[in-house]
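One letter stands for each residue in the lines below.
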Amino acid sequence: MSTPRFPGGTAVSGLRVYEWEAADGLHGGTPHMHTASTEAYVVAAGRGEVHTVTGQGAQVTELSAGTVLWFGPGTVHRLVNHGGLELTVVMQNAGLPEAGDAVFTFPREVLADREAYDAAARLSPDASEEELGRQARARRDLAMEGYLELVASVGANGQEALWEFQRHAAALVRPRVAAWRRIWQENVEREAELTRDQLAALERGEPGLMHDAALMRTEPHPGPRRFGMCGRLRTWRPRDADPERP
């Protein structure tokens, strides 16, 4: 029996935000945006900020334990760690972010070259922890270079500067959309159909899915936390997952 999913294919992970110092003297993660998925932060511990860029310009929002924030596709965001910042991250469209829905704020010349972008975004799967950390930090630093350019450009030229970045992002992910559609159909659409069928069953006065009621518990993936975009990630494994797979 698999772990149940909420409508929208919701995925949950635990995040410890990087403490690496960036070019502007602040400490934190890699600026990026999602092209198709909404994201939420539930702050569990520590202090920090989320820096966002939208059509309304650049904004800084303080984070502390208990803060809950949501933002939709196209919102450029960067987490800043002022001490012990840990979050629960809730993502829409489980499977899409893992398949490349996130686009880093690399400099324009990298965004315009798909091969250069893919090389800069990739972490070597077989690298040591030390090497993965080095690669993740180099990726963060390159994204910071483009992010600072973007913030300055939005300040000088307004919304059009953000739209330019979003157009680059759309061009980068376009070849992946057919695969994303299959993931979406098998995950998000399927779960929405189950809710539709359940409403129909209830309308008939039948229990429907309630016959399958159960309590399930998942276990974290073994080993160290993954190097994510914003920090070290803890994810959980579905009960029916192969125990030999990470």
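Just so it is clear, the structure is predicted and the values come from calculations on it, not from any experiment.

Colleague: Before we move on, could you go through the layout of surface pockets and cite the residues and values that matter?
Modeller: In this structure, the second largest pocket occupies an estimated 200 Å³ of space. For the lining of the second largest pocket, the element with the most residues is helix α5 (residues 177-203), which contributes four residues. The residue makeup of the lining of the second largest pocket, split by class, is nine nonpolar, four polar and one charged.

Colleague: If you had to explain helix α4 (residues 159-173) to someone new, which residues and values would you point to?
Modeller: The terminal C-alpha atoms of α4 lie 21 Å apart, and with 15 residues this matches the ideal 21 Å at 1.5 Å per residue to within 8%. Listed as buried for α4 are A161, L162, F165, A169, L172 and V173. What you see down the axis of α4 is that its buried residues fit within an arc of 110 degrees, all on one side.

Colleague: Any details on the pairing of strand β6 (residues 76-91)? Residues and values, ideally.
Modeller: Here is the key point about a regular strand: its side chains alternate between the two faces of the sheet. Relative to β6, strand β1 (residues 11-17) runs antiparallel, the two sharing six bridges. Bridge pairing in β6 links A11 to M91. The pairing of strand β3 (residues 39-54) with β6 spans 13 bridges and is classified as antiparallel. Within the sheet, the bridge partner assigned to R47 lies in β6 and is G83.

Colleague: Residues and numbers for the packing of aromatic side chains, please.
Modeller: As enumerated under the stated definition, the model contains five aromatic pairs in all. Residues Y41 and F71 carry aromatic rings whose centres are separated by 5.2 Å and whose planes lie at 75 degrees to one another, so their mutual orientation is edge-to-face. Of the two residues, Y41 sits in strand β3 while F71 sits in strand β5 (residues 68-71), which places them 30 residues apart along the sequence. Judged by relative accessible area, which is 1%, Y41 ranks as buried. Using a relative accessible area of 11% as the deciding quantity, one classes F71 as buried.

Colleague: Just give me the short version of the environment of V17, but keep the residues and values in it.
Modeller: Mapped onto the elements of the fold, V17 is located in strand β1. Linking V17 and V80, residues 63 residues apart in sequence, is a C-alpha distance of 7.6 Å. Leaving out residues up to four positions away in the same chain, V17 has contacts with G28, G29, L79, N81, L85, L87, C230 and G231.

Colleague: Explain the side chain of R225 to me, using residue names and the numbers behind them.
Modeller: The topology assignment puts R225 in the loop between β8 (219-220) and β9 (226-227). A polar contact of 3.3 Å, which involves the side chain of R225, links it to the backbone oxygen of G14. Residues in contact with R225, not counting those within four places in the same chain, are G14, L15, R16, R232, L233 and R234.

Colleague: Can you break down the nonpolar core residue by residue, with the values?
Modeller: Core analysis: the largest hydrophobic core is formed by 24 residues, its most contacted members being V76, V103, F106, L111, Y117 and F165. Of all the elements, α4 adds the most residues to this core, at six residues. Setting aside its immediate chain neighbours within four residues, Y117 contacts A102, V103, F104, F106, V110, L111 and L172. In this structure, L63, F71, V89 and L233 belong to the second largest nonpolar core, which totals 14 residues.

Colleague: Residues and numbers for the pattern of salt bridges, please.
Modeller: Evaluation of the coordinates by the stated rule reveals 12 salt bridges. Residue E131 is joined to R134 by a salt bridge in which the shortest nitrogen-to-oxygen separation is 2.8 Å. Pair noted here: E131 and R134 are both in helix α3 (residues 129-157), with a separation of three residues, about one helical turn. For E131, a relative accessible area of 25% translates into the label partly exposed.

Rules and cut-offs
- Residues numbered from 1 in each chain as written.
- Predicted model: local features only at pLDDT ≥ 70, side-chain atom pairs only at ≥ 80, totals over all residues.
- Heavy atoms only, no water.
- 1 Å grid on protein atoms, 1.4 Å probe; cavity = no way out; pocket = protein on both sides within 12 Å on 5 of 7 lines; lining within 4 Å.
- Points joined across faces, edges and corners; volume = space filled by probe spheres on them.
- Helix = DSSP H or I, 4+ residues; strand = E, 2+ residues; numbered from the N terminus.
- Nonpolar A, V, L, I, M, F, W, Y, C, P; charged D, E, K, R; others polar.
- Expected span 1.5 Å × (residues − 1).
- Buried < 20%, exposed > 50% of the residue type's maximum accessible area, 1.4 Å probe, protein only.
- Arc of directions from axis to C-beta.
- Pairing = 2+ DSSP bridges.
- Phe/Tyr/Trp six-rings, centres within 6.5 Å; stacked < 30°, edge-to-face > 60°.
- Contact = heavy atoms within 4.5 Å.
- Polar contact = N/O pair within 3.5 Å; in protein donor to acceptor, adjacent residues only side chain to side chain.
- Core = buried A, V, L, I, M, F, W, Y, C linked by side-chain atoms within 4.5 Å.
- Salt bridge = Lys/Arg side-chain N within 4 Å of Asp/Glu carboxyl O.

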